[in-house]
Amino acid sequence: MTSPVAAPLLLEPIPVERPWGDQRLVRSCGKPFRPQARIGESWETANAACVRSGPLAGRTLGELVAQFGAELLGQRGMAASQPFGDFPLLIKLIDADDVLSVQVHPDDEQAASLGQRGKTEAWHILAAEPGAELIVGLIEPLDPPALRHRIARGDLPQILARLLVQPGDTVVVPAGTLHAIGSGILLYEIQEQSDITYRLYDWGRVDLHGRGRPLHIEEGLAVLHPERRAQRTRPLPLDDWRTVLAACRYFLLERWTIADRRVLPRQPGQTPLVLTCLEGTLALQTSGDELHLARGETALVPAAVASCALTGPATVLAASIPDLRHDVVLPLRAAGHDDAAIAQLAGDTGDLGHALAAH
């Protein structure tokens, strides 16, 4: 009997309302979300996200991990899932109609006492209005007393480092980095499966009752690395249809441009693959089964899937849990890229250093 996780699974995302959200996820990504709602985030691979169709329809990712384990996650996915036993990667689509709060996330060690993972993430810009920018750290490092004083006076914005962005940019945001998404940006985010956010500054926003959202100044200052910056990567072509956008210990992000038919290179039993269609329609074929992925939709290819044919035309973002040396360093060297170019794919995490040094 064929396993129900032997074929790609179409996912039903979870819409999340935010005060800074709008309707671009409906207009630009085709999401069937409630009209007029301020939808800031679409959680594509949350543990509570469900399978949309097929024999597993209605089952959540968390339930599938518990039932199918290594069939779904593979060796690397199972390791990344520990000690929580969940789906280790959270992919979101984010619509920032207004600037987000200035915030920071803890790393894994700091988050362990809260029973969660830390949060290192990367952003891929899908759309950006002219002049749109990200906050990517501090202009210069300041100690907690100086930052506390700046926050109390309301002039933290004066010392924030900003980065102008345009569609196609990818930015790696290590845990411990002070950051915010600016207004007029639609982006794809890949991160550890975590939702710990410490808000240090919220631009004086209040609700209809004159109340501001809670700040977490002491918690945030305790996990902040004031010298750390979110950094834009330089994409590296792997071949004529795949480009590596970012790579760190937690995730590998690639952009695939599929003009006709391609056979997906797979090392079965290692990692799940999450595909999000940005343009066109993608057909995924495995052993007679075929799944069609439309613009804005996300599918999970379980680790047990040994072979998969892809037919476009489509542009897709592909996320996986990498072996940095075998999935990133060696293929990119073979494609002609030098070690300095490869190293910058990890941003300020420095995660590729060990893989580059290994012989």
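Since the model is a prediction, treat every value here as computed from it, not as a measurement.

## Details of the overall build of the protein
Here is step 1: Of regular secondary structure, the protein possesses nine helices and 24 strands.
Here is step 2: Against the 2.2 N^0.38 benchmark of 21 Å for 359 residues, the protein shows a C-alpha radius of gyration of 20 Å, consistent with a compact globule.
Here is step 3: Principal-axis analysis of the C-alpha atoms gives the protein an extent of 65 × 50 × 40 Å.
Here is step 4: In the protein, buried positions account for 54% of the 359 residues.
Here is step 5: For the protein, long-range pairs separated by at least 24 residues make up 75% of all intrachain contacts whose partners lie at least 6 apart in sequence.
Here is step 6: Element-wise, carbon and sulfur atoms account for 52% of the exposed surface of the protein, whose accessible area totals about 14800 Å².
Here is step 7: For the protein, the separation between the mean place of its 33 positive charges and that of its 43 negative charges on side chains is 2 Å.

## A word on the pairing of strand 20 (residues 282–286)
Here is step 1: Most of strand 20 is tucked away: four of the five residues are buried.
Here is step 2: The pairing of strand 20 with strand 21 (residues 289–293) spans five bridges and is antiparallel. Pairing of A283 across the sheet is with H292, part of strand 21.
Here is step 3: The hairpin turn running from strand 20 into strand 21, its antiparallel successor, is two residues long, and S287 in that turn takes a positive phi close to 50 degrees.
Here is step 4: As paired elements, strand 20 and strand 23 (residues 308–311) share three bridges and run antiparallel to each other. From the neighbouring strand, Q285 faces strand 23, where its bridge partner is A309.

## Topic: the layout of surface pockets
Picture a little ball the size of a water molecule; that probe, rolled over the atoms, points out where space is still empty.
Here is step 1: Its volume calculated, the largest pocket comes out at about 380 Å³.
Here is step 2: Together, 17 residues line the largest pocket, and R242, L252, E254, P265 and D327 are the ones closest to its centre.
Here is step 3: Elements represented by at least two residues in the lining of the largest pocket include exactly strand 17 (252–258) and helix 7 (324–334).
Here is step 4: Counted by class, the lining of the largest pocket contains seven nonpolar, five polar and five charged residues.

## A few points about the environment of L238
Here is step 1: For L238, the location among the structural elements is in the loop between strand 15 (236–237) and strand 16 (242–247).
Here is step 2: As a C-alpha pair, L238 and E254 span 16 residues in sequence and 9.3 Å in three-dimensional space.
Here is step 3: Those residues in contact with L238 that sit more than four places away from it in its chain are T243, E254, P331, L332 and A335.

## Some details on the nonpolar core
Here is step 1: Counting 37 residues, the largest nonpolar core has L9, L72, F87, Y188, I190 and L300 as its most contacted members.
Here is step 2: At the level of secondary structure, the elements contributing two or more residues to this core comprise strand 1 (9–12), helix 2 (61–68), helix 3 (70–81), strand 5 (89–96), strand 12 (185–192), strand 16, strand 19 (273–280) and strand 24 (314–320).
Here is step 3: Take this core: its biggest share by element is four residues, from helix 2.
Here is step 4: Filtering out sequence-adjacent residues up to four positions away, F87 remains in contact with T45, N47, L61, V65, L73, Q193, P272, V274 and L300.

## Considering the pairing of strand 8 (residues 133–138)
Here is step 1: Counting buried positions along strand 8 gives five out of six residues, so the element sits mostly inside the fold.
Here is step 2: Relative to strand 9 (residues 160–164), strand 8 runs antiparallel, the two being bridged by five bridges. For L134, the partnering residue across the bridge sits in strand 9 and is L163.
Here is step 3: With two bridges connecting them, strand 8 and strand 11 (residues 180–181) associate as antiparallel partners. When the sheet's bridge partners are listed, I135 is paired in strand 11 with A180.

## Concerning the pattern of salt bridges
Here is step 1: This model, assessed by the stated rule, comprises 26 salt bridges.
Here is step 2: Here E41 and R18 are joined by a salt bridge, their closest N and O atoms 3.5 Å apart. Note that E41 is positioned in strand 3 (residues 39–43) and R18 in strand 2 (residues 14–22), a separation of 23 residues in sequence.
Here is step 3: A relative accessible area of 25% places R18 in the partly exposed class.

## A word on the sheet that holds strand 20
Here is step 1: Spatial strand order, 18-23-20-21: four strands in an open sheet with antiparallel pairing. In the strand order of this sheet, the two ends are held by strand 18 (261–264) and strand 21, each with one partner. Adjacent strand axes in the sheet meet at a mean angle of 25 degrees, parallel and antiparallel pairs treated alike.

## Observations concerning the side chain of E189
Here is step 1: Position of E189 relative to the elements: it lies in strand 12.
Here is step 2: In this structure the side chain of E189 is engaged in a polar contact, spanning 2.9 Å, whose partner is the side chain of W123.
Here is step 3: Among residues more than four places away in sequence, those in contact with E189 are L90, I91, K92, I94, K119, E121, A122 and W123.

## Section: the sheet that holds strand 17
Pairing between the strands of a sheet is mediated by backbone hydrogen bonds and can be parallel or antiparallel.
Here is step 1: With respect to topology, eight strands assemble into an open sheet ordered 4-1-22-19-24-17-16-15, the strand pairing being antiparallel. Since the sheet does not close on itself, it has two edges, and those belong to strand 4 (50–51) and strand 15, each with one partner.
Here is step 2: Here strand 19 runs beside strand 22 (residues 298–301); their pairing, made up of four bridges, is antiparallel. In the sheet register, L273 faces strand 22, and the bridge partner there is V301.
Here is step 3: Its contacts with the sheet place helix 7 against strand 15, strand 16 and strand 17, and it is angled at close to 125 degrees to strand 16.

Parameters at a glance
For every chain, the first residue of its written sequence is number 1, and the numbers climb from 1 along that sequence. With the structure being a predicted model, the display of local features is reserved for residues of pLDDT at least 70 and the display and counting of side-chain atom pairs for 80 or more, all residues being used for whole-chain, interface and lining totals. Side-chain numbers come from the whole structure's heavy atoms, not from hydrogens or water. What counts as a helix is a DSSP run of H or I of at least four residues, what counts as a strand is a run of E of at least two, and both are numbered from the N terminus. For the radius of gyration, the atoms used are the C-alpha atoms, and the globule rule reads 2.2 Å times the number of residues raised to 0.38. Each residue's exposure class comes from its accessible area (1.4 Å probe, protein chains only) as a fraction of the maximum for that residue type: buried when under 20%, exposed when over 50%, partly exposed otherwise. By definition, residues are in contact when any of their heavy atoms lie within 4.5 Å. Every accessible area reported is derived by Shrake-Rupley at a probe size of 1.4 Å, with residue values counting cover from the shown protein chains alone. Only four residue types enter the tally: Lys and Arg on the positive side, Asp and Glu on the negative side, with His and both chain ends excluded. By convention, the point assigned to a charge is CZ for Arg, NZ for Lys, CD for Glu and CG for Asp. The pairing criterion is simple: DSSP has to find at least two bridges between the two strands. A cavity here means a set of 1 Å grid points, computed over protein atoms only, where a 1.4 Å probe fits but cannot escape. A pocket is an open set with protein on both sides within 12 Å along at least 5 of 7 lines, and lining residues have an atom within 4 Å of a point. Grid points are joined across faces, edges and corners, and a volume is the space filled by probe spheres set on the points. Amino acids outside the nonpolar list (Ala, Val, Leu, Ile, Met, Phe, Trp, Tyr, Cys, Pro) and the charged list (Asp, Glu, Lys, Arg) are all regarded as polar, and Gly is one of them. What makes a nonpolar core is a set of buried Ala, Val, Leu, Ile, Met, Phe, Trp, Tyr and Cys residues whose side-chain atoms join them at distances within 4.5 Å. Whenever Lys or Arg places a side-chain nitrogen within 4 Å of a carboxyl oxygen from Asp or Glu, that contact is recorded as a salt bridge. Axes here refer to lines fitted to C-alpha atoms; in helices the fit is confined to the stretch in contact. Angles between the N-to-C directions go from 0 to 180 degrees. In the analysis that follows, any N or O atom pair within 3.5 Å is treated as a polar contact, provided that within protein one partner can donate a hydrogen and the other can accept it, and provided that, for residues neighboring in sequence, both atoms belong to side chains.

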